[in-house]
Amino acid sequence: MIRDARVLQADFVPQEVVHRDPEANQLSNALEPITRDEPAETAFLFGPSGTGKTCLAKFIVERLRREVIDIEHQYVNCWQNYTRFRTIYRILEGIGQTLDVHRQSTPKDELLERLRQYDGPPYVVVLDEVDQLEDMDVLYDLYTLPNISMVLIANREEELFARIDERLSSRLMNTTRIRFDKYGLNELVGILQARVDRGLTADAIGRSQLERIADAAAGDARVAIGILRNAAQRAERDGTDQITSAAITDSIPEARSEVQQRTVETLTPHQQQLYEIITNHGSITPGDLYEMYREQVDDPKTKRTMRNYLTKMCQYNLIVAEGQNRGRTYRPVSVS
DNA sequence: ATTCCACGGGAAAGCATGGACC
DNA sequence: GGTCCATGCTTTCCCGTGGAAT
């Protein structure tokens, strides 16, 4: 029943983007000067997760690449590349300039200098999760570079600009800012339908079932596609050629925990141990948590390090911290 | 009102890693 | 082999906060 599994992957970029026409036009306009060999406006994409920011950015850049024969582009996820060095390194990677870059021979600004001297075709850089950068000055550095156009993606506008100093924010005044709202039910159904058409056999799933998925996803397209994928795999495993309502019901919690499970796997053993204690306990105070951790592990890390781990896990949406100071407890984020 | 103390998180020093160079 | 050196991760030190105990 699955004809093309790629279509059901979360990071798949479709041929046509549905329900994002105004946003697509704005982004196109921002990048349009490139077609005339002029520097593009910096574009900001804001909105909650699963609203198509990343997808649209990739889509537009790809389309631009087809229209203008000669542009370079690179996608950088700042969650994974959150240091100044890694960010710039990845950008250099996009133009194949890293071959002879060694850490030693790169005192501070050598990398940047190399980018500055870049003299090729227009270069579009998409910086995703840009609010995860530990040092926002990178943006300033990149902004001063000729020949490089930026598309910046973040969840919340206010939080991002709170971390940018005036030096930069004044320059970013006349940028294109595009907001993405959560998808409505019908929009999500449309997105799912498009994937179904390309990825599944005909009649594999009906409209009302797509609505159920869309409803459960609460405006988040990534979750919706995850549920669809899970249900399709389930049906395939069972050897049926239709996705049943029961399969969908079962897939809803599983798709959510799938995301979580994948995140947990990226944690170190120590972090996983902490996470396990928290999930087993439901809700626990930092003192007790450290006490249990210390007993269960040989060679335990410091309290301070545990705190680093905990903040990291909070950012990853694995756990939630409730209360301040004395009254603080940690609990797992519920999957329901 | 004052002191106490668990907690959070910033800053900087310490340590391990890994590539480049001789 | 040995040595630099920049990086990331951990630890040490420390201070601010705000509720609880005195």
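Refer to the structure printed above.
Residues numbered from 1 in each chain as written. Chains lettered and ligands numbered in written order. Predicted model: local features only at pLDDT ≥ 70, side-chain atom pairs only at ≥ 80, totals over all residues. Heavy atoms only, no water.

The environment of DNA strand C is formed by 12 residues, the closest being T83, T302, T305, Y309 and N325. Near the protein, meaning within 4 Å, the atoms of DNA strand C are sugar or phosphate in a fraction of 71%, with bases accounting for the rest. Within the contact set of DNA strand C, a phosphate oxygen lies 2.5 Å away from a side-chain nitrogen or oxygen of T302. With respect to DNA strand C, the side chain of R326 contributes an N or O atom lying 3.0 Å from a base nitrogen. At 4 residues, the largest contribution of residues to the surface near DNA strand C is made by helix α14 (residues 303-315). Here the residues of the surface near DNA strand C are counted per class, giving 3 nonpolar, 5 polar and 4 charged. (Near = heavy atom within 4 Å. Polar contact = N/O pair within 3.5 Å; in protein donor to acceptor, adjacent residues only side chain to side chain. Helix = DSSP H or I, 4+ residues; strand = E, 2+ residues; numbered from the N terminus. Nonpolar A, V, L, I, M, F, W, Y, C, P; charged D, E, K, R; others polar.)

Okay, the pattern of salt bridges next. Evaluation of the coordinates by the stated rule reveals 12 salt bridges. In this structure, R36 and E38 form a salt bridge, with 3.1 Å as the shortest nitrogen-oxygen distance. Given a relative accessible area of 40%, E38 falls into the partly exposed group. A salt bridge links R294 to E291, with the shortest nitrogen-to-oxygen separation between them at 2.5 Å. (Salt bridge = Lys/Arg side-chain N within 4 Å of Asp/Glu carboxyl O. Buried < 20%, exposed > 50% of the residue type's maximum accessible area, 1.4 Å probe, protein only.)

Below, the discussion takes up the sheet that holds strand β2 (residues 72-77). Read across the sheet, 5 strands follow the order β2-β3-β4-β1-β5 without closing on themselves; strand pairing throughout is parallel. The outermost strands of the open sheet, each flanked by one partner alone, are β2 and β5 (176-179). If you compare each strand with its neighbour and ignore which way they point, the axes differ by 15° on average. With 4 bridges connecting them, strand β1 (residues 43-46) and β5 associate as parallel partners. (Pairing = 2+ DSSP bridges. Axes fitted to C-alpha atoms, helices over the stretch in contact; angles between N-to-C directions.)

A few words now on the packing of helix α12 (residues 269-281) against helix α13 (residues 286-296). Helices that pack against each other are described as a pair by the angle of their axes relative to one another and the distance between those axes. The N-to-C vectors of α12 and α13 enclose an angle of 125°; their axes lie 10 Å apart at closest approach. On the basis of their axis angle, the class for α12 and α13 is oblique. With respect to the hand of their crossing, α12 and α13 are arranged in right-handed fashion. Of α13, the residues touching α12 (which contributes H270, Q273, L274, I277, I278 and H281) are L289, M292, Y293 and Q296. Grouping the constituent residues of the contact of α12 with α13 by class yields 6 nonpolar, 4 polar and no charged. (Parallel < 35°, antiparallel > 145°, perpendicular 65-115°, else oblique. Left-handed = near helix turned anticlockwise from the far one by under 90°. Contact = heavy atoms within 4.5 Å.)

Moving on to unusual backbone geometry. Residue E129 is not a glycine yet carries a positive backbone phi of 50°. For E129, the position within the fold is in the loop between β3 (123-128) and α5 (137-143). Backbone geometry at N317 places phi at a positive 65°, although glycine is not the residue there.

Scanning the model with the defined rule gives 3 aromatic pairs in all. In this structure, K58 is placed above the aromatic ring of Y75, and the distance from its NZ or CZ to the ring centre is 4.4 Å. (Phe/Tyr/Trp six-rings, centres within 6.5 Å; stacked < 30°, edge-to-face > 60°. Lys NZ or Arg CZ within 6 Å of the ring centre and 35° of its normal.)

Read these as spatial facts, not as claims about activity.
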